[in-house]
Amino acid sequence: MQEALSLRPPRATDGAALHQLVANCPPLDPNSLYCNLLQCSHFADTAVAVEYNGELVGFISGYIPPGKPDTLFVWQVAVDSSMRGQGLGGKMLAHLVDRTGVKWMETTVTPDNGASWGMFRSFARKRGAECEDCGPLFERDAHFGGKHDSEHLARLGPFTNQAS
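As a convention, each chain's residues are numbered from 1 in the sequence order in which they are written. The predicted origin of the model limits local features to residues at a pLDDT of at least 70 and limits the giving and counting of side-chain atom pairs to 80 or more, whereas totals for whole chains, interfaces and linings rest on all residues. Processing note: side-chain calculations cover all non-hydrogen atoms of the structure and skip hydrogens and water entirely.

Asks: Teacher, can you tell me more about the overall build of the protein here?
Replies: When helices and strands are tallied, the protein shows four helices and seven strands. In this setup the radius of gyration rests on C-alpha atoms only. A globule is expected at 2.2 Å times the number of residues raised to 0.38. The C-alpha radius of gyration computed for the protein amounts to 15 Å, which stays within 12% of the reference 15 Å derived for 164 residues, consistent with globular compactness. C-alpha atoms of the protein, sized along the principal axes, occupy 45 × 40 × 30 Å. The proportion of buried residues among the 164 residues of the protein is 41%. The Shrake-Rupley method, run with a 1.4 Å probe sphere, supplies the accessible areas, and residue values consider only the shown protein chains as cover. Taken as a whole, the protein presents about 8700 Å² of accessible surface, with 53% of it coming from carbon and sulfur. The charged-residue count follows a simple rule in which Lys and Arg add positive charge and Asp and Glu add negative charge, with His and chain termini not counted at all. Think of each charge as sitting on NZ of Lys, CZ of Arg, CG of Asp or CD of Glu. If you average the places of the 14 positive and of the 18 negative side-chain charges in the protein, the two averages end up 4 Å apart. Helix numbering and strand numbering both begin at the N terminus, where a helix is a DSSP run of H or I of at least 4 residues and a strand a DSSP run of E of at least 2. A 1.4 Å probe rolled over the protein chains alone gives each residue an accessible area, and that area as a share of the maximum for its type sets the label: buried under 20%, exposed over 50%, partly exposed in between.

Asks: Help me understand helix α2 (residues 33-41), please; the structure alone is not making it clear to me.
Replies: It helps to recall that an α-helix has 3.6 residues per turn; residues three or four apart then point in one direction. Three or more residues of α2 are buried, namely Cys35, Asn36, Gln39 and Cys40. Down the axis of α2, the sector holding all buried residues measures 140°, keeping them to one side. By definition, residues are in contact when any of their heavy atoms lie within 4.5 Å. Where α2 is buried, its residues contact α1 (15-23), β3 (55-63) and β4 (71-79). By arc we mean the arc of the directions from the helix axis to the C-beta atoms, nothing more.

Asks: I keep staring at the sheet that holds strand β6 (residues 130-138) and nothing clicks. Help me out?
Replies: Two strands in a sheet stick together by hydrogen bonds in their backbones, pointing the same way (parallel) or opposite ways (antiparallel). Taken in spatial order, the seven strands make up an open sheet running β1-β2-β3-β4-β5-β7-β6, and their pairing is mixed. Of all the strands in the sheet, just β1 (6-8) and β6 have a single pairing partner and so form its edges. Looking at each pair of strands side by side, their axes are set apart by 25° on average, direction ignored. Here β6 runs beside strand β7 (residues 151-157); their pairing, made up of six bridges, is antiparallel. Whether two strands pair comes down to DSSP finding at least two bridges between them. Axes here refer to lines fitted to C-alpha atoms; in helices the fit is confined to the stretch in contact. Angles between the N-to-C directions go from 0 to 180 degrees.

Asks: I would appreciate a short explanation of the packing of aromatic side chains in the present structure.
Replies: By convention here, two paired aromatic rings are described through the distance between centres and the angle between planes. When two rings of Phe, Tyr or Trp (its six-membered ring) have centres within 6.5 Å they constitute a pair, described as stacked for plane angles under 30 degrees, edge-to-face for angles over 60, and tilted for the intermediate range. Within the structure shown, the criterion is met by three aromatic pairs. Centroid distance Tyr63 to Phe73: 5.2 Å. Interplanar angle 35°. Geometry classified as tilted. Taken together, the positions of Tyr63 in strand β3 and Phe73 in strand β4 put the pair 10 residues apart, joining distant regions of the chain. When its relative accessible area of 27% is taken as the criterion, Tyr63 is described as partly exposed. Pairing Phe138 with Phe144 gives two aromatic rings, centres 6.5 Å apart and planes at 75°, and the pair type is edge-to-face.

Asks: Looking at this model, I keep getting lost on unusual backbone geometry. Mind explaining?
Replies: Cis geometry marks the peptide bond from Pro26 to Pro27, where omega comes out at 15°. Assignment of secondary structure puts Pro27 in the loop between α1 and α2. Cis geometry is found at the peptide bond from Gly157 to Pro158, where omega equals -5°. Position of Pro158 among the secondary structure elements: in the segment after β7. Of note in the backbone geometry, Asn53 takes a positive phi value of approximately 50° without being a glycine. With respect to the helices, strands and loops of the structure, Asn53 is situated in the loop between β2 (48-52) and β3. Looking at Asn53, the relative accessible area reads 35%, which means it is partly exposed.

Asks: Is there a simple way to explain the nonpolar core in this structure?
Replies: Note that soluble globular proteins tend to have their nonpolar side chains buried in a common cluster. We define a nonpolar core as any set of buried Ala, Val, Leu, Ile, Met, Phe, Trp, Tyr and Cys residues linked to one another through side-chain atoms lying within 4.5 Å. Counting 28 residues, the largest nonpolar core has Met105, Phe120 and Leu156 as the members making the most contacts within it. Sorting the residues of this core by element identifies β2, β3, β4, α3 (88-100), β5 (104-109), α4 (114-126) and β7 as the ones contributing at least two each. Not counting chain neighbours up to four residues away, the residues in contact with Leu156 comprise Lys103, Trp104, Met105, Phe120, Phe123, Ala124, Glu130 and Cys131. Within the second largest apolar cluster, 10 residues are counted, among which are Val22, Cys40, Ala47 and Leu56.

Asks: Sorry if this is basic, but what is going on with the environment of Gly135 here?
Replies: Mapping Gly135 onto the fold places it in strand β6. Given the relative accessible area of 15%, Gly135 is considered buried. Separated by 25 residues in the primary sequence, Gly135 and Thr110 have C-alpha atoms spaced 10.0 Å apart.

Structure follows, in structure tokens:
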């Protein structure tokens with residue numbers, strides 16, 4: 001019998017599985033395994049791990065930026081290819097907003113990443129909030145040395161209701 005999805009705070013023992021999940025989700029930028037261990041331990045309060053049949057199939061890493069206690073910055077969203085198209089990204093965002101109680105969410109998205117923009121806009125709509133493209137936060141040439149597309153800051157909120 002198949003198990004249901006389990007959304008929970010990550011544990012340090014999830015670090016290696018997270019490292020593999022991100023590697024399997026191009027074009028996500030891979031981090032070191034050590035960084036993934038920190039995401040699963042030091043940042044566990046602002047991250048969510050999703051298991052299905054004992055396998056890590058989804059993960060969001062995030063943090064509360066200094067000076068913005070009411071804001072969750074979403075660092076990275078990873079969804080296994082077997083789980084895409086089922087709304088898992090939105091479920092993870094809802095889990096984090098509900099668990100942390102934040103009023104705002106920020107993230108960066110490249111302008112051509114339609115799937116991510118769609119997920120964040122849909123989530124904002126379901127929460128009665130806005131999703132604003134605030135323009136480039138990190139630019140291709142000025143910040144990435146021409147080696148990565150510019151990242152636009154997306155700001156979602158304020159969140160006034162739980163997902164339905």
